[in-house]
Amino acid sequence: MASDTEPEDESQCFSLATRLRHHERNIWDLDFSPNHPHICSGGYDGKVKVVDFEGTVLAETKSGPSCYYGTRYSTDGTHIVSGDGDGAMRLFNAELTAMETITVSSRMVNRVVFYPDSNQLAVGTCSSGAVYLTDFRTKANDKLEFAAGGGESWGCEFSRSDPSMLYVGSGHHVVQFDVRDFATPVQSMGFDGTVHDLAVGPDDMLAVTQEGAGTVLVNTESWRKTGHVLHTTGTVSCGFHPTEPWVISGGENTASVEINDYTTSERLYTTLRHTAAVWVTRFSRDGLWAASAGFGAECYLYEYNGLPTKAAGKLS
C-alpha cells in the first residue's frame, strides 16, 4: 500500500498504510468488517460506503438522507446499522443492497451499536439526549431520556462481560443502564468536558473522551476514574484494542491520532496527518489494523508493524 505523505518513524508500533479517499465530505463514523478486509463508513455526503483496504468502493447507498452519522457492522458481519441526520436508524445487509428504516426521532442519530450477537437489535443515541433500543424485526423501539446527561447523547457501547449493560455518553456524563429495564439508569458519572465518545475494553475498562480535556479511563467494577489521562489534549473519538490494553484516540483541535498503553502510559503511535477534528478511531477485530477519519473526508488506515514490544508476540 502506498503512503500518503513522507515515511513515518519506523520505531512506532503502527505505521500509515494508506489514505482512503472514498467520501466527498466529512466522515462521522466507520467500522471494520469481522469477516473481510473491508471498512464501512457513513459521511456527510449522504452515503454509507463499503471499501477495501486499498480504498476501492465495493458498495454504496444510492440515495438517502442528507448525512449518515453512526455506522457499525453486526458481530457476524452480515448487517450494517447506521443513524442519520433525519432521525432514522437504518439496517442494511453487508452489500448495502437491502434496507430497513425506522424513524426514531426528529433529531439526528449520532451513534449506533448492535446488541451483542444480534444483527436485528440495535441502540442509537440522539442529539435530543434520547437513546433508542430498536428492534428491526418488530419495527418497535424503546426510548429513554437521560435527565442526568443534560445534553446530546453520543458514544454508546455494551459491556464485554455483561451484554445487558450499556454505557452511553450524554452531555458531561457517562450513564450505565440495564437494557432489560430501559426506564431507569443504573448509575452515572460526571466529567469535565462534553463526552463525545466512549469505548469498552478488557475487563470492562471504559475509555471516555472529553472535549477540551483528554481521554479518561474508568474502572466500571468500582465505578471510579483510574487517574490515567491519555491524549491529554481535547479528544472526540476513542477505541480499545480487542486483546491488548491499548487505546486509540482522535484529537478535537490538534487533529492528532494517538495509540497509548494505559497500563504503562507508553505512547505506541502518534501522527498529525489529519488537518481537522478526528471524529472516529477504531481497531480492527484482529487488532492488526487501525483507522481514523473525520472532517474534510480524511480517512487513514494504519498497520501493526510487529516490532518488539511486550505484546508483539501475541499479535505476530
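Preceding this paragraph is the structure being described.
Calculation criteria
Residues numbered from 1 in each chain as written. Predicted model: local features only at pLDDT ≥ 70, side-chain atom pairs only at ≥ 80, totals over all residues. Heavy atoms only, no water. Pairing = 2+ DSSP bridges. Helix = DSSP H or I, 4+ residues; strand = E, 2+ residues; numbered from the N terminus. Axes fitted to C-alpha atoms, helices over the stretch in contact; angles between N-to-C directions. Salt bridge = Lys/Arg side-chain N within 4 Å of Asp/Glu carboxyl O. Buried < 20%, exposed > 50% of the residue type's maximum accessible area, 1.4 Å probe, protein only. 1 Å grid on protein atoms, 1.4 Å probe; cavity = no way out; pocket = protein on both sides within 12 Å on 5 of 7 lines; lining within 4 Å. Points joined across faces, edges and corners; volume = space filled by probe spheres on them. Nonpolar A, V, L, I, M, F, W, Y, C, P; charged D, E, K, R; others polar. Phe/Tyr/Trp six-rings, centres within 6.5 Å; stacked < 30°, edge-to-face > 60°. Lys NZ or Arg CZ within 6 Å of the ring centre and 35° of its normal.

Asks: So what's going on with the sheet that holds strand 19 (residues 205-210)? Which residues, and what values?
Replies: Adjacent strands of a sheet pair through backbone hydrogen bonds, lying either parallel or antiparallel. Pairing in this open sheet of four strands is antiparallel, and the strands run 18-19-20-21 from one edge to the other. The two strands at the open ends of the sheet, each matched to only one other strand, are strand 18 (198-200) and strand 21 (224-230). Strand-to-strand twist of the sheet, defined as the mean angle between neighbouring strand axes without regard to direction, takes the value 25 degrees. Of the strand pairs in this sheet, strand 20 (residues 214-219) and strand 21 are connected by four bridges, and their pairing is antiparallel. Paired with threonine 215 across the two strands is leucine 230, which belongs to strand 21.

Asks: Report on the pattern of salt bridges, specifying residues and quantitative values.
Replies: Throughout the structure, instances matching the rule amount to nine salt bridges. Here aspartate 29 makes a salt bridge to arginine 282, at a shortest N to O gap of 2.8 Å. Within this pair, whereas aspartate 29 is found in strand 2 (residues 27-32), its partner arginine 282 is found in strand 26 (residues 278-283), the two being separated by 253 residues in sequence. Taken individually, aspartate 29 and arginine 282 each receive the classification buried, so the pair is uniform in this respect. Between glutamate 157 and arginine 72 there is a salt bridge; the shortest N-O distance is 2.5 Å. Remark: arginine 72 occurs in strand 6 (residues 68-73) and glutamate 157 occurs in strand 14 (residues 153-158); sequence separation between them is 85 residues. By the burial criterion, glutamate 157 is buried, and arginine 72 matches it.

Asks: I'd like a rundown of the sheet that holds strand 11 (residues 121-126), residues and numbers included.
Replies: The antiparallel open sheet is built from four strands, whose spatial order is 10-11-12-13. Both outer strands of the open sheet, strand 10 (109-114) and strand 13 (140-145), are each paired with one neighbouring strand and no more. Along the sheet, successive strands turn relative to each other by an average axial angle of 20 degrees, direction set aside.

Asks: Account for the layout of surface pockets, naming residues and giving values.
Replies: Of the volumes computed, that of the largest pocket is approximately 740 Å³. In terms of lining, the largest pocket is formed by 24 residues, of which the most central are Arg72, Glu157, Arg160, Val200 and Arg285. Mapped by element, the contributors of at least two residues to the lining of the largest pocket are strand 6, strand 10, strand 14, strand 18, strand 22 (235-240) and strand 26. If one sorts the elements of the lining of the largest pocket by residue count, strand 26 sits on top with three residues. Along the lines of polarity and charge, the residues of the lining of the largest pocket split into 11 nonpolar, six polar and seven charged.

Asks: Describe the packing of aromatic side chains, with residues and values.
Replies: Per the stated rule, a full pass over the model turns up 17 aromatic pairs. With a centroid separation of 6.3 Å and an interplanar angle of 65 degrees, the aromatic rings of tyrosine 68 and phenylalanine 92 are classed as edge-to-face. Remark: phenylalanine 92 occurs in strand 8 (residues 88-93) and tyrosine 68 occurs in strand 6; sequence separation between them is 24 residues. Residue classification places phenylalanine 92 among the buried positions, given a relative accessible area of 2%. The structure contains a cluster of three or more aromatic residues connected by ring pairs, namely Trp28, Tyr44, Tyr69, Trp154, Trp279 and Phe295. The side chain of lysine 225 reaches across the aromatic face of phenylalanine 191, ending 4.5 Å from its centre.

Asks: Would you mind going over empty space enclosed by the protein in detail, with residue names and values included?
Replies: Space left empty within the atom packing is revealed by a probe, the size of a water molecule, rolled over the atoms. Evaluated as defined, the whole model comprises one cavity of 30 Å³ or more. The computed volume of the largest cavity comes to approximately 30 Å³. Lining of the largest cavity is provided by Arg72, Arg111, Val112, Gly155, Cys156, Asp197 and Arg282. Of all the elements in the fold, those that place two or more residues in the lining of the largest cavity are strand 10 and strand 14. The residue makeup of the lining of the largest cavity, split by class, is two nonpolar, one polar and four charged.

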